[in-house]
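Tertiary structure, described
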Amino acid sequence: MNDDDLMLWDYTNIQLMDIRYKFLNPGEALSSYRFPASGYLYIARGTACFRLDGVKHDVERFYIIHSGKGGQLDIGPVRERMEYYLVLYKTSLSNTAVPSVQRQFESSSPFQRQYAFAPNDPVELLLQLKQMLHIWLKPNSLERLQVKSQLYQFAYEVERQWKIHTEANVKPDLVEQATAYIREHYRESITLSTVAERLNYSAAYVAKQFKNKTGNSLIDYLIQVRMEIACELLEQTEASLQEVASGVGYTDLSYFIRIFKKTVGVTPGNFRAEARDRTKRMDRPITRLRLSNAERRRQGYIGNEYDNHYQHLERDDLSMYRNTKVSLGAVMLLCLTIMVSACAPAGGNAGTTSTSTVETQTSQQASTTPSERLYTDNQGHEVSIPEKPQRVVLQGNSIGDLLALGVQPVGIDRRFIANSAYEDKEITPAEDIGFPTSFEKILSLEPDLTMLGYVLDKQYDEISKISPTVVFDQNLPLKERLPVIGEIVGKQDEAKQLLADYNVKAEKMWSEIRDQGQVAEGETAVVLMYYWDRTMYLMKTGGVPELLYQPQGYQMSEKVKGIEPAAGSPFIEISPELMHEMLVGDHLFVLYPENDEAESSFKELLETPLWKKLPAVQSGKVTFIESKWNYEDMLTSDMLLDEFPKMIAE
C-alpha cells in the first residue's frame, strides 16, 4: 500500500456489510457472482479454478482475492469440497477530504483494485477471519463496532502480504506490454479482456493502469494505431478501401469510414485524394529543389516510455498525417512510383485513374449507407443516427423493451438476462459488454448505435467516439419509456401498438380477477422486497407495483402514500420493528430472490412473532413472488400478465 492509498484509508468511511462462511461441494460451481460491494474472498480449503473478471487462476487452499464493486467471479466446478470466507464492505469519502484526495479516490481507489495471490502467512489471515465471523454473528451492536475495527487490521495484513508477494514477483512494465501487444495484433479483434488475459491481469486493473500512465484509454490507443497504419496504406499503396479496412482490423467498411473521419477529420477517400495532390506538387522541379535543401524531419516519439516503438506527429500537424511534411527519400520514392506508373498501358495517367477509383468507391459506399436522421436525446446531444439501426448496443436494463420491439441487440449487460423472468435465458445471443461497461468490447462489436440507459463518469465522451450514441432515462415508467426507445430504434408504430395491446390485456386480466372475487372493491395492497442479507424495502415502483396499482387493480393505502424514501435513497428501507407501521395494506405481496441464502434467512423471518402478527399474514392474504418479476420492461410486463392470476390463486 503506497502513501496515496494510506491517505485514502484515512479520509474514507468504511461500512462493513457482511461476513460469510460458505462452501461448495464436489461438482458445484459459483457462476457469474458480482461483488455487491468491495470485498475479500479467502479460500480456506480445497482447490479450484476461478476467473476474476475473465482472468483465470488455478488455486489451492489459502488464497486471497480482492475485488471492487461489480467485479465478476466464476468458480468451479470444484473437484473437492471448497470452503471460503467472504467479507464485504462499502466505502464513502469523508466530507473533510480535500479536492486532491477526492480526485485520488475517483481515479485510483484501492477499494476498487482487483488482485489475487497466495499469502506468505495464510494462517494469520485465517485466524483473523474466524474471529471476525464469530463476533459478526453476535446480535450486540457493540460487537459490530469491534469487528469493524478488526476489518482494518485484516486489510492491513492483506496489504502487507500483498506487498511482499509483488516485490518477490517483479514483472515488466504492464503498459509497455499492453502497447506492444496492440502493435503486434492490431489486425485482430482486440478487446480489453483479451489484452488483460494475455497479461494475466484483471481487465479493470489494465484499464486503470493504462489510463494513469498514458492519459488515454486503451481503446483510444488501439484506434490511434489502426488509423496511423490506415493512413500509411492509403498514402503508400493502391489497396481498395475495403482492403485497407480489413488490413487494420475492421470488417465493416461503413464503420471504418465513420471512425476514420471522426479520428482523422476527413473520409479515407478524401485523405487519399489529398495525398495524391501532394504527390503531384512534389513532382515540380522547384519543390524538389526546395525539399532537397530543407532540414530533414526529426524523428519523434510518444514520450520517453515508448521510445522503442511509436512515432508521432509534430505538434503543429493535424491528426494522423494531414499536411504531413515529407523527407527527400519519400519524395524520390513517390517520383519513381509516378515514373513507373507512366509506363503503364494506355488509358490515362495512373495517378488520375487511382483517384477516380477511390472517388467511385467512396460514392458507392455512400449510396449503400443506411439513411440517417438527427435525434436529440434527454441530455441535449444532437446525434445523427440510422433510421433503422441494425447493430445496437445497450447499456442498461431495458433489454426486454428492445426484444419486444423485435430488435436483437448485439451487446448488452447480461446480468439483466441472467436475473430476468424470460423463459429462455438465451433469448438473445447478444455478447456481454460487462459492468462497468467495456469500451473495447463495444468497439469490437462495431455497433451502428449505442443506447445508454444511464451514464457513469465520462462514458458518453468515450462511447460516442465508437458509434452514434444516445442517452435515455431507463427509469421512466413503461408507458413513457417504450415510445422513447421506439423512436430511437425506428419502431414508433410498434411501440404504440405494444402499449395498446398491453392495456387491453391488463384490463381483461383485472376484469376476470374481479369477477372471480379475488380482488374486492377498495382493497389495498402493499409490496415488500426482501434481500438475502435480511434488508427489507417498501416498494412503490417497479414491475409488480406498477401492475398492482393499475386503475382496476389494488389501491395504495393513504399511510403508504405518505411514506417517502430518505433523502438521497432510491428505496424505502424497513426495519423489523417498523413492519406494522409501514406494511399497511389488506394484501401483502413479498418479492424475494430465488437463491439458497435468501431462502434460509427468509424462513427465519417467517417464524418471528413480528411477522406473524401482521394483519395480512393473519388473514392469509400474502403472496410470494420471485423478484425477477419486478422488472418493468415490456417483455417481462407482458409475461407477468399471464402469470399474475396464477400467483394470487395459490
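Residues numbered from 1 in each chain as written. Predicted model: local features only at pLDDT ≥ 70, side-chain atom pairs only at ≥ 80, totals over all residues. Heavy atoms only, no water.

1. Examining the overall build of the protein
Rules: Secondary structure elements follow DSSP: runs of H or I no shorter than four residues count as helices, runs of E no shorter than two count as strands, and numbering proceeds from the N terminus. Summary of the burial criterion: residues with accessible area below 20% of their type's maximum are buried, those above 50% are exposed, and those between are partly exposed, where the area comes from a 1.4 Å probe applied to protein chains only. Only heavy atoms enter the contact rule, under which two residues are in contact if any of them lie within 4.5 Å. Only the protein chains shown count as cover for residues, with accessible areas throughout obtained via the Shrake-Rupley method and a probe of 1.4 Å.
When you go through the protein residue by residue, the secondary structure sums to 27 helices and 21 strands. Per-residue burial over the protein gives 47% buried out of 650 residues. Sequence separation of at least 24 residues holds for 70% of the intrachain contacts in the protein that already meet a minimum separation of 6. With an accessible surface of roughly 32900 Å², the protein has 50% of that area assigned to carbon and sulfur atoms.

2. Points about the pairing of strand E20 (residues 587-592)
Our working rule: A pair of strands counts as paired when DSSP detects no fewer than two bridges linking them.
Of all the 6 residues making up E20, 5 are buried; the element is thus mostly covered by neighbouring parts of the structure. Where strand E17 (residues 525-530) and E20 come together, 5 bridges link them in parallel fashion. Pairing of Val526 across the sheet is with Leu588, part of E20. Alignment of E20 against strand E21 (residues 622-626), held across 5 bridges, turns out to be parallel. Bridging from a neighbouring strand, Leu588 pairs with Val622 of E21.

3. Considerations on the packing of helix H5 (residues 174-185) against helix H8 (residues 218-236)
In plain terms, the rule: In this analysis, axes come from line fits to C-alpha atoms, helices being fitted only over the stretch in contact, and the angle between any two N-to-C directions falls in the range 0 to 180 degrees. It is the rotation of the near helix from the far one that decides the hand of a crossing: anticlockwise by less than a right angle makes it left-handed, clockwise makes it right-handed. Nonpolar residues are Ala, Val, Leu, Ile, Met, Phe, Trp, Tyr, Cys and Pro. Charged residues are Asp, Glu, Lys and Arg, and all others, Gly as well, are polar.
In the contact formed by H5 and H8, the axes pass within 10 Å of each other and the chain directions differ by 35 degrees. As H5 runs across H8, the sense of the crossing is right-handed. In contact with Thr179, Ile182 and Arg183 of H5, H8 contributes Leu218, Tyr221, Leu222, Val225 and Glu228. A per-class count over the contact of H5 with H8 returns 5 nonpolar, 1 polar and 2 charged.

4. Some details on the sheet that holds strand E2 (residues 30-34)
With respect to topology, 4 strands assemble into an open sheet ordered E2-E7-E4-E5, the strand pairing being antiparallel. Among the strands making up the open sheet, the edge pair consists of E2 and strand E5 (55-59). Averaged over neighbouring strand pairs, the angle between their axes works out to 20 degrees when direction is ignored. Of the strand pairs in this sheet, E2 and strand E7 (residues 72-75) are connected by 3 bridges, and their pairing is antiparallel.

5. Some remarks on the pattern of salt bridges
Where we set the bar: The term salt bridge refers to a pairing of a side-chain nitrogen on Lys or Arg with a carboxyl oxygen on Asp or Glu at a separation within 4 Å.
What the rule picks out here adds up to 21 salt bridges. Arg113 is the partner of Glu159 in a salt bridge, and the nearest nitrogen-oxygen pair spans 3.5 Å. Highlighted residues: Glu159 in helix H4 (residues 141-168) and Arg113 in the loop between helix H2 (99-107) and strand E9 (115-117), separated in sequence by 46 residues. Put simply, Arg183 and Glu228 hold a salt bridge, and the shortest N to O gap is 3.2 Å. On the criterion of sequence distance, the pair formed by Arg183 in helix H5 and Glu228 in helix H8 is long-range, its members being 45 residues apart. Overlapping salt bridges, with partners in common, bring together Arg45, Arg81 and Glu83 in one network.

6. Here's the deal with the packing of helix H20 (residues 492-515) against helix H27 (residues 634-649)
Formally: The labels follow the angle: roughly parallel below 35 degrees, roughly antiparallel above 145, roughly perpendicular from 65 to 115, and oblique for the rest.
The interhelical angle for the contact between H20 and H27, taken along N-to-C directions, is 5 degrees, at an axis separation of 11 Å. Judged by the angle between their axes, H20 and H27 are roughly parallel. Here Leu498, Leu499, Tyr502, Lys505, Ala506, Met509, Trp510 and Ile513 of H20 lie close against H27, whose contacting residues are Met634, Ser637, Asp638, Leu641, Asp642, Phe644, Pro645 and Ile648. Classifying every residue of the contact of H20 with H27 by side-chain character gives 12 nonpolar, 1 polar and 3 charged.

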